Each structure stands twice: as structure tokens, then as C-alpha cells.
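Residues per chain, in single letters:
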Amino acid sequence: IPEQEKLIILIDIVGFSKSTTREQVYTIYVFQQYLISHIISSSITFRSKININQFVPTGDGCYIVADKCDPRPALEFLIALVSGFRSVGESDGDGLSLRVSALLGSCVPFMDMAHHRNFVGVGMNEAARILTGGQSVLEQSFMSLHPDADISEAKHFSRNSIFLGDSIACAADIFADKCSYIYKFGDVADKHGITRNITVMQDILQR
């Protein structure tokens, strides 16, 4: 099966695993409804630029796999997704929050054991490493600048942020007014010692 170059997005719902079962059910339904009604069905602009192939659930979020596209419309889509979700529902007095990673990467479609179309490949793995590595280095940076802060403050700092591989990050500066700050981290190592550049659009502003 030939590899395909895709826009690969990994979405993590902040605090999902710490919620009760009922809260998780509520949150995942809110999240799914938001994606369907606000991002896919209602937004003709994004439907013409972002051709989504598949949603792959991860339990506390999902992968979105779409056709390869230019970095600018990809970032427009990501910013709209994160900023809009902040105003949907309430969780402990705060709007629901996401952390999102994205890149253009390779993957292969396959039929899983539940007979659902799924994807596997280097691009899927890379999206996960960009998200975990980017969150870690961003929170470490926050802690180094605020030595009296605790880890909960650092995690709050990293929410509502977009973590980008180089293939998408080239367009980040165009949207600098859509976030609080843009951080550019070089040679971020994962658990295997593989390094990558990660650009973070920290705190996407609520629309």
C-alpha cells in the first residue's frame, strides 16, 4: 500500500483523563458535536480548503487526517478549532480547552479489527511526539521563568496551544495576532533521542 502525504492533526482534550466517567462522556459528546457542527458542516470556507478524510478517536481526543494542503489554510483551520472550542461548555468555571499538534506527514490507510478505516505511519507517530515534546519544553520554559510557580500553573500555560512541525510552522508568524506568543524550540529530543524543531502558538485567543 503506497504511503500518502497528509495533513495530520492530533487533538488532546485538556484534563480529560482526570474527569469522572460521566464528565468524560459529556465532554466527548460536546467535542464531537463541536467538530461536526462548527468546523465541518457550518464552515464552507474550511470545507473548500481542508478535505478531511478520517477521524481516528484516541479516547481523550482524536486524530484528524486530511488531504495535504498549504500551511496557511491548515493553520487557519487549527486556530478556528482551538479558539472556538474555548467558548463551548464549562469545566470547573473554565471553557473547555485543547492542545493540538499538526504537521504534513506520511501515513497509510488500513481497515482495523472493528472494520473502521484507520491510519498508521510515521506521520501519526510524529504528531504525538510533537505534542508531548512541545508541551514538555513549553512547560519547562515557563517553570524556568517562574521558579515559584507550581506544575499546575505550567500546565494551564500550555493549554489552548498549537504545536507545529516545520512543515506547518513556516506560516505561524502570519497569525501572530491570534495567540499570546510564538515560541520556537530547536532540537527537542524525544524518548528515543530523536530531535525535531517545534513551534508553539501559545494561548490561541478566544474568538
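Residues numbered from 1 in each chain as written. Predicted model: local features only at pLDDT ≥ 70, side-chain atom pairs only at ≥ 80, totals over all residues. Heavy atoms only, no water.

Peer 1: Would you explain the overall build of the protein chain in this entry?
Peer 2: When helices and strands are tallied, the protein chain shows 6 helices and 10 strands. At 16 Å, the protein chain has a C-alpha radius of gyration in line with the 17 Å of a compact globule built from 207 residues. Dimensions of the protein chain along its principal axes, counting C-alpha atoms only, are 50 × 40 × 35 Å. Counting every position in the protein chain, which comprises 207 residues, the buried fraction comes to 49%. Across the protein chain, every contact between residues at least 6 apart in sequence was considered, and the portion connecting residues at least 24 apart equals 68%. A total accessible area of about 10,600 Å² is found for the protein chain, and carbon and sulfur atoms account for 52% of it. (Helix = DSSP H or I, 4+ residues; strand = E, 2+ residues; numbered from the N terminus. Rg over C-alpha atoms; globule rule 2.2 N^0.38 Å. Buried < 20%, exposed > 50% of the residue type's maximum accessible area, 1.4 Å probe, protein only. Contact = heavy atoms within 4.5 Å. Areas by Shrake-Rupley, 256 points an atom, 1.4 Å probe, with all protein chains shown as cover.)

Peer 1: When you look at the nonpolar core in this model, what are you seeing that I'm missing?
Peer 2: The nonpolar side chains of a soluble globular protein tend to be buried with one another. Membership of the largest hydrophobic core comes to 41 residues, with the highest contact counts inside it found for L81, L164 and M201. For this core, the element with the highest residue contribution is helix α3 (residues 71-85), accounting for 8 residues. Ranked by size, the runner-up nonpolar core spans 24 residues in total, among them I8, L103, F119 and L138. (Core = buried A, V, L, I, M, F, W, Y, C linked by side-chain atoms within 4.5 Å.)

Peer 1: What should I look at first to understand the environment of V137 in this one?
Peer 2: Position of V137 among the secondary structure elements: in helix α4 (residues 122-145). For the pair formed by V137 and F185, sequence separation is 48 residues and the distance between their alpha carbons is 7.8 Å.

Peer 1: Would you explain helix α5 (residues 151-158) in this entry?
Peer 2: Three or four residues apart is the spacing at which side chains of an α-helix point the same way, because the helix has 3.6 residues per turn. Restricting attention to buried positions, one finds in α5 the residues A154, F157 and S158. What you see down the axis of α5 is that its buried residues fit within an arc of 95 degrees, all on one side. On its buried face, α5 is in contact with β6 (98-111), α4, β8 (161-164), β9 (179-189) and β10 (195-204). One or two residues past the end of α5 sits N160, with phi positive at roughly 60 degrees. (Arc of directions from axis to C-beta.)

Peer 1: Would you take a moment to explain the pairing of β10 for this structure?
Peer 2: Look at any regular strand and the pattern is simple: side chains alternate between the two faces of the sheet. Of all 10 residues that make up β10, 7 are buried, and the element is covered over most of its length. In this structure, β8 lies alongside β10, joined through 3 bridges in antiparallel fashion. Within β10, the position partnered with I162 by the bridge is M201. Where β9 lies against β10, 8 bridges are found, and the strand directions are antiparallel. Note that in β10 the partner of V188 across the bridge is R196. (Pairing = 2+ DSSP bridges.)

Peer 1: Help me understand the packing of aromatic side chains in this model?
Peer 2: The relation between two aromatic rings is expressed through the spacing of the ring centres and the mutual angle of the planes. Taken as a whole and assessed by the stated rule, the structure comprises 6 aromatic pairs. Ring geometry for Y34 versus F85: centroids 5.3 Å apart, planes at 55 degrees, classification tilted. A residue pair is termed long-range when its members are at least 10 positions apart, and Y34 in helix α1 (residues 21-41) and F85 in helix α3 qualify at 51 residues. Like F85, Y34 is buried. What links up through ring pairs into an aromatic cluster is the set F142, F157, Y181, Y183 and F185. (Phe/Tyr/Trp six-rings, centres within 6.5 Å; stacked < 30°, edge-to-face > 60°.)

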